[in-house]
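Descriptive structure summary
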Amino acid sequence: MELKNIILLVVMIIAGMIMGIMFNIALGKKLFDTGSIAGGAVVGVAMYVLGGGFSV
Amino acid sequence: MDKELKKGYVSLILFLVILSIAIIVKPKITIQVILVALAVIIMIIGQAKIQDLIAGLILHPIMAMTAGFLIAGAMGLAGGFDVLLILLRGWAEWELGGITIFGYIGVGVFLVNIPTIMPMPCGRILAAAVIPGVYLYGIEVAAVYGITYNSSLPASDPTNLKYLIILSTFLSAFIVNAAASCGPSPLGGVGGIGEGNMGVPIGTSGKSQACGIMIATGVCALVIALVVKPLPYA
């Protein structure tokens, strides 16, 4: 894996984790769950691996 | 007059006249039937084939959305959404060494991002097909945290409002992804936005754009939950 791809993967994981934190803030204290950060990280990896999808 | 131009005049006049009559007379049949019949007549006049319409991308978004709705309907009838909820529940409650890894919110975060993770040629396909699942999952999450909608109380009641916020947050985050999730193409979509103008190979910036959409999903959740707040419907 090239360095630029590793950087992109790390950036996507971090972006996913930030999204997870934002979800936690949005849903409030009662629904606080650190799992959302893990979920966000998985989203980042999934988008890196599968992103691109079908071309028209 | 040019033959093609004549066909154009006839089609346009026919369209305007029939539509005007339909508005004035208000027939008992629905406007969709009239429009479909009109479309067929205009296709005959213009000697257009279905392939011509698809090639011109005229039918593409409509067909994509129709396909999505058909899948959603079929899945609903076949119990697909019930199974989806069971699977999501299992994932949310999955433990590793006694610790819940994702929880309901983590799985919800994944669910709303599915359209961007698996971009279709048209974002409408997954949007229409999966949105009932997202809605049901939102209700499930609220129920897990002991939040239910009490219709005997006003929508502004704190518990009811919390319930609406949960649903709106999941749905709006999903919609952001669905709207942004058209697959790479010269027309746009993830990986294609602006690339036609830049002249770079299609899909070059797809992952970077997906990254931006992830952040936008979180921002959307924040804005909907904290700034907009759902409008009471009851």
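Calculation notes
Residues numbered from 1 in each chain as written. Chains lettered and ligands numbered in written order. Predicted model: local features only at pLDDT ≥ 70, side-chain atom pairs only at ≥ 80, totals over all residues. Helix = DSSP H or I, 4+ residues; strand = E, 2+ residues; numbered from the N terminus. Buried ≥ 20, exposed ≤ 12 C-beta atoms within 10 Å, placed from the backbone. Contact = placed C-beta atoms within 7 Å. Nonpolar A, V, L, I, M, F, W, Y, C, P; charged D, E, K, R; others polar. Expected span 1.5 Å × (residues − 1). pLDDT = per-residue confidence, 0-100.

Turning our attention to the overall build of chain A. Helix and strand counts for chain A stand at two helices and zero strands. Buried positions account for 50% of the 56 residues belonging to chain A.

Attention now goes to the overall build of chain B. Helix and strand counts for chain B stand at eleven helices and two strands. Relative to its full complement of 234 residues, chain B shows a buried share of 32%. Residue pairs in contact within chain B that sit at least 24 positions apart in sequence constitute 61% of those at least 6 positions apart.

On to the interface of chain A and chain B, then. Reports often express the size of an interface as the amount of accessible area lost when the parts come together. The interface of chain A with chain B comprises 35 residues on the first partner and 40 residues on the second. Residue assignment for the side of chain A that touches chain B shows that the elements contributing at least two residues are helix H1 (3-27) and helix H2 (35-50) of chain A. Top element by residues in the side of chain A that touches chain B is H1(A). It accounts for 14 residues. Class assignment of the residues belonging to the side of chain A that touches chain B gives a composition of 21 nonpolar, twelve polar and two charged.

The subject of this paragraph is the environment of B:Tyr149. All names here are of chain B. On the secondary structure map, Tyr-149 appears in the loop between helix H8 (123-144) and helix H9 (158-180). Exposure remark for Tyr-149: the 17 C-beta atoms within 10 Å place this residue in the partly exposed category. A sequence separation of 15 residues divides Tyr-149 from Leu-164, and the C-alpha atoms of the two residues are 8.1 Å apart. When residues no more than four places from it in sequence are discounted, the contact partners of Tyr-149 are Asn-160 and Tyr-163.

Let us now look at helix H1 (residues 3-25) of chain B. Residues and elements named next belong to chain B. The terminal C-alpha atoms of H1, which comprises 23 residues, lie 32 Å apart, in line with the 33 Å expected from a rise of 1.5 Å per residue. When you tally the buried positions in H1, you get zero out of 23 residues, a small fraction of the element. Taken from the residues just after H1, Lys-26 is the one with a positive phi, measuring 50°.

This brings us to the confidence of the model for chain B. When pLDDT is averaged along chain B, the result is 80, and 82% of the positions lie at 70 or above. Per-element averaging of pLDDT across chain B places helix H10 (residues 195-198) of chain B at the bottom with 57 and helix H6 (residues 103-112) of chain B at the top with 93.

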